[in-house]
Amino acid sequence: IDIKIEIDLREQELDLSYEEKEYIYDLLITNFHPENRYYAYDFFMDNCATRVRDMVEASLIERTAFQEYFPEQNISFRDLIYPYLESMTWWRLGIDLALGMRCDKPISNLQYMFLPDELMNQLDTIKTKNESVMDNIGYHSDKLVASKTLLLEETRNLPSKGIPPIYVTVLLCLIVVILTVIEHKKKIYFKYVDIFLFGLFAVLSLLIMYLWFCSDHHATKFNFNLLWANPLLIYILIRLQKSHKVILYIMLACIILPLFFFWGLPQYFNIASFPLMLLLAIRIGSLIKQKRELP
């Protein structure tokens, strides 16, 4: 089923005094300096919308800048981006794997404005502090936004969601369960199953580590997905049945923590990741069992 989405382009005309216009002009010139025009983009903390927010706020005189509009409380960055990913379930899984616990903390009124829609909404709320300053400073009304014009209104069809990731990960988990049962009944070892799985999640662990320790993005730090997509998998991938039992137990404990105690961790885990945790736990448990059965 196709999902329809409305794409609007709106113009807000700001009622600025001459002095406020001078402030914004100076800020724009400063921002255009060679040392300022390039910056470390951060999709939540420093993007195209937050730059506009900061410039407008810095230029206002006698305004209640971004103070009167209070959206729903206890909303996180992750909560705000989810509606935009409604039809992109695989993108959402990837984003949930990449983003850390900072995305799940309640955010402030100012932080909402990393979204252009929220910037537009909050600009609508800015007013002068009192009527007596209006004439002195040169405002035409008590509101910052003098007028709002709809320039473009369009409805588009988004592609259908396709097969949800949870179906694929559950199916993959069932296949792993069946193969593991066959292994133990026939006393064989499907080596390439572990090479594929441990290799896949070892690469994921390296990506999470890179985003945490090597990236400047605020939201990719402290990612608890690193518990189950763990760099220890690199060691296990190399050693497989020769892996040290202590390492296997540590890895199993790291997987069990988010798998069964996710409710106590300060981070949201995508539901499609739980079958992946389970199949990893099964394969690690299988290696431990094999080591126990060795003479």
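Summarised in this report is the structure supplied together with it. The structure displayed is predicted, hence computed values, not measured ones.

Right, let's talk about helix H5 (residues 89–98) for a bit. Residues of H5 that are buried include every one of Thr-89, Leu-93, Asp-96 and Leu-97, and no others. All buried residues of H5 lie within an arc of 100° about the axis, which places them on one face of the element.

In this structure, Phe-198, Phe-201, Trp-228, Ile-255, Leu-279, Leu-280 and Ile-284 are the most contacted members of the largest nonpolar core, which totals 37 residues. Mapped by element, the contributors of at least two residues to this core are H5, helix H8 (165–186), helix H9 (191–214), helix H10 (232–239), helix H11 (245–261) and helix H12 (273–293). Sort the elements by how many residues they give to this core and H12 lands first, with 9 residues. Those residues in contact with Phe-201 that sit more than four places away from it in its chain are Trp-228, Ala-229, Leu-233, Leu-276, Leu-279 and Leu-280. Ile-75, Tyr-82, Leu-85 and Ala-219 belong to the second-largest nonpolar core, a separate cluster that totals 14 residues.

Attention shifts here to the packing of aromatic side chains. Tallying each qualifying case throughout the model produces 11 aromatic pairs. Note on Phe-77 and Phe-114: the rings are 5.3 Å apart at their centroids and 75° apart in plane angle, and the pair reads as edge-to-face. With Phe-77 in helix H4 (residues 77–81) and Phe-114 in the loop between H5 and helix H6 (116–123), this residue pair connects regions lying 37 residues apart in the sequence. In this structure, Phe-77 and Phe-114 share a single accessibility class: buried. Cluster of aromatic residues (ring-pair linked, three or more members): Phe-43, Phe-44, Phe-77 and Phe-114. Its end group placed over the ring of Tyr-39, Arg-51 keeps NZ or CZ at 3.6 Å from the ring centre. The side chain of Arg-92 reaches across the aromatic face of Tyr-82, ending 4.7 Å from its centre.

Here we come to the side chain of Arg-283. One can find Arg-283 in helix H12. A relative accessible area of 0% places Arg-283 in the buried class. Within the local environment of Arg-283, its side chain forms a polar contact with the side chain of Asp-194, the two groups lying 2.6 Å apart. If we skip the residues at most four places from it in the chain, Arg-283 touches Val-176, Thr-180, Glu-183, Tyr-189, Phe-190, Val-193, Asp-194, Leu-197 and Phe-198.

A surface patch of nonpolar side chains, about 620 Å² in accessible area, is lined by Ile-256, Leu-257, Phe-260, Phe-261, Phe-262 and Trp-263. Topologically, Leu-257 is positioned in helix H11.

For Phe-222, which is not glycine, the phi torsion reads 50° and is therefore positive. Within the secondary structure, Phe-222 sits in the loop between H9 and H10. On the basis of relative accessible area, Phe-222 is assigned to the partly exposed category, the value being 38%. The phi dihedral of Leu-240 is positive, around 50°, even though this residue is not glycine. Mapped onto the elements of the fold, Leu-240 is located in the loop between H10 and H11. On the basis of relative accessibility, which here comes to 7%, the residue Leu-240 falls in the buried class.

So, about H9. For H9, built from 24 residues, the straight-helix expectation of 34 Å at 1.5 Å per residue is met to within 8% by its first-to-last C-alpha distance of 33 Å. Every buried residue belonging to H9 is among Val-193, Asp-194, Leu-197, Phe-198, Gly-199, Phe-201, Ala-202, Leu-204, Ser-205, Ile-208, Leu-211 and Trp-212, and all of these are buried.

Look at helix H3 (residues 48–59) against H6: their axes get within 9 Å of each other, and the N-to-C directions meet at 20°. Between H3 and H6, the angle is such that the two are roughly parallel. In terms of crossing hand, the pair formed by H3 and H6 is left-handed. In this structure, H3 contributes Ala-49, Val-52, Arg-53 and Val-56 to the contact, and H6 contributes Pro-116, Leu-119 and Leu-123. Here the contact of H3 with H6 is composed, by residue class, of 6 nonpolar, no polar and 1 charged.

What counts, and where the lines are drawn
Residues numbered from 1 in each chain as written. Predicted model: local features only at pLDDT ≥ 70, side-chain atom pairs only at ≥ 80, totals over all residues. Heavy atoms only, no water. Buried < 20%, exposed > 50% of the residue type's maximum accessible area, 1.4 Å probe, protein only. Helix = DSSP H or I, 4+ residues; strand = E, 2+ residues; numbered from the N terminus. Arc of directions from axis to C-beta. Core = buried A, V, L, I, M, F, W, Y, C linked by side-chain atoms within 4.5 Å. Contact = heavy atoms within 4.5 Å. Phe/Tyr/Trp six-rings, centres within 6.5 Å; stacked < 30°, edge-to-face > 60°. Lys NZ or Arg CZ within 6 Å of the ring centre and 35° of its normal. Polar contact = N/O pair within 3.5 Å; in protein donor to acceptor, adjacent residues only side chain to side chain. Patch = residues over 30% accessible without salt bridge, like charges linked within 9 Å, V, L, I, M, F, W, Y side chains within 5 Å. Areas by Shrake-Rupley, 256 points an atom, 1.4 Å probe, with all protein chains shown as cover. Salt bridge = Lys/Arg side-chain N within 4 Å of Asp/Glu carboxyl O. Expected span 1.5 Å × (residues − 1). Axes fitted to C-alpha atoms, helices over the stretch in contact; angles between N-to-C directions. Parallel < 35°, antiparallel > 145°, perpendicular 65-115°, else oblique. Left-handed = near helix turned anticlockwise from the far one by under 90°. Nonpolar A, V, L, I, M, F, W, Y, C, P; charged D, E, K, R; others polar.

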